[in-house]
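# Residue-level structure breakdown
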Amino acid sequence: MLYYGRQSISEEDIQFVSSVLRGDLITTGPMAAQFETEFAKYVGAKHAVAVCNATAALHLAMLVAKIGAGDRIVTSPNTFLASANCAAYVGATPDFIDIDPLTYNLSPDALRETWQPDTKAVIAVHYAGGSADMRAIAEVARERGAIVIEDACHALGGSLEVDGQFHRIGGHRWADMATFSFHPVKNMTTGEGGMLVTDNDEWAQQARTLRTHGIVRQPSQFVGLGSPEFDEKGGWYYEMQSLGYNYRITDFQCALGLSQLRRLDSMLRRRREIVAMYNEAFSKCPFLKVPRLRNELEEPLSAWHLYTLQVDFEALGVTRVEWAAELRTAGIEAHVLYIPVHLQPWYRQSYGYGVGKCPHAERLYQRAVCLPLFAAMCDDEVQLVISSVLSLCRPKSKQPSV
Ligand SMILES: *Cc1c(COP(=O)(O)O)cnc(C)c1O
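Summarised in this report is the structure supplied together with it. Here the structure is a predicted model, which is why all the values come from computation and not from measurement.

Here is what the cut-offs are and how they apply
- Residues numbered from 1 in each chain as written.
- Predicted model: local features only at pLDDT ≥ 70, side-chain atom pairs only at ≥ 80, totals over all residues.
- Heavy atoms only, no water.
- Helix = DSSP H or I, 4+ residues; strand = E, 2+ residues; numbered from the N terminus.
- Buried < 20%, exposed > 50% of the residue type's maximum accessible area, 1.4 Å probe, protein only.
- Lys, Arg positive; Asp, Glu negative; His and termini not counted.
- Salt bridge = Lys/Arg side-chain N within 4 Å of Asp/Glu carboxyl O.
- Polar contact = N/O pair within 3.5 Å; in protein donor to acceptor, adjacent residues only side chain to side chain.
- Near = heavy atom within 4 Å.
- Nonpolar A, V, L, I, M, F, W, Y, C, P; charged D, E, K, R; others polar.
- Core = buried A, V, L, I, M, F, W, Y, C linked by side-chain atoms within 4.5 Å.
- Contact = heavy atoms within 4.5 Å.

### Some remarks on the side chain of glutamate 239
Structurally, glutamate 239 can be placed in strand β11 (residues 239-240). Buried charge without a partner: glutamate 239 forms no salt bridge, and the closest opposite charge is lysine 233, 5.2 Å away. Within the structure, glutamate 239 has its side chain in polar contact with the backbone nitrogen of glycine 224 (distance 2.7 Å). At 2.6 Å, the side chain of glutamate 239 forms a polar contact with the side chain of tyrosine 237.

### Focus on the site of the ligand
Of all residues adjacent to the ligand, which total 15 residues, the nearest are Ala54, Thr55, Asp151, Ser181 and Lys186. Taking alanine 54, its main chain carries an N or O atom lying 2.9 Å from an oxygen atom of the ligand. Taking tyrosine 338, its side chain carries an N or O atom lying 3.4 Å from an oxygen atom of the ligand. Every element with two or more residues in the shell around the ligand is listed here: α3 (54-64) and α4 (82-89). Tallied by class, residues from the shell around the ligand come to 6 nonpolar, 7 polar and 2 charged.

### Focus: the nonpolar core
Buried together is how nonpolar side chains tend to be arranged in soluble globular proteins. The biggest cluster of nonpolar side chains holds 53 residues, and the ones touching the most others in it are Phe35, Phe39, Leu111, Leu156, Phe180, Met195 and Val197. Considering each element in turn, this core owes the most residues, 8 residues, to helix α8 (residues 251-282). Discounting chain neighbours no more than four positions away, the residues touching phenylalanine 39 are Ala48, Leu156, Phe180, Phe182, Met195, Val197 and Leu261. Ranked by size, the runner-up nonpolar core spans 34 residues in total, among them Ala281, Cys285, Val311 and Trp323.

Below, the structure is given as structure tokens:
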């Protein structure tokens, strides 16, 4: 079965992970530090903090930015649940701004038009790897005193074009923090894993502390236990100065991350090749709409995490369920990303959201199909997807009836 995403693990990856497993330190240690350093350099950020998954990174982003009850956080409805859930974790109100129907990313115009004064952060998602309009989003948000976070889980390795200059996602000045995921379907993997990146020294330090229970071990930062009789500070001594979590990642996962990071550019090249083949084949079909980037200049630099087709099922005279079932008989599992988050039962019940809140995202959901796209896909598999999809794009109504 061909799924929409799949990891690519090399012999070198396995060897590198094994070398850590044979050592003394297997949880967050020197490999994590090295992974953070190389990752920060790759995206062009000052600090990178490795954590157990991107949901934890998003939660830490909320905590270090002191977001809480009474604050509104806005994001795109066309995303994974975690982009919004992180706001609810800290007692803030997650809210949704409709997408631009061309790029499927949060619309800066909608953001400006529906702005509410209690909004403290905008979480922009680079859906499928194509960049959101970060400069426009940052302009709206910062003029109104809010910070900008990039949920860059789809966009590792991708770039943003502004005035003819290219900037790596996670390493430009139109966002204050960025989060990345290393789940196996993402552009590179650590099994489970995530990264928070920022140029802000204080936030990075706080995220590191909150990653491990808010524990402080540096003597210069100690405040004591409240009475001189407890002043003795031996090697065992530490202080918990804030309420943190266990969001650590293991060193063998970080070894996989380092090894994958060194192969990332070649894996991205393969993704782009596959997308070019899909676009070439599908753009001629009147029942299909191929994905578009915000900016054609970014074409060779997009991270291409997902390949999302819009299919005109109405004109074809089939339902998406029937269409996907046919595709499955050819060994291809069509996936649909994403169910608009504001329509999830918990969001409808908790915040009173419902159908009609984000019409463009809702319309996209009704027509979207994500096709297999991953670096380990061979040409034969790509051709199988192309021929199977095209063979399902003949209208049922036009077929001769008996
Ligand atoms: C995968 C993903 C996440 C969550 O990542 P985890 O590492 O699984 O926690 C968040 N946002 C987006 C857009 C994602 O695709």
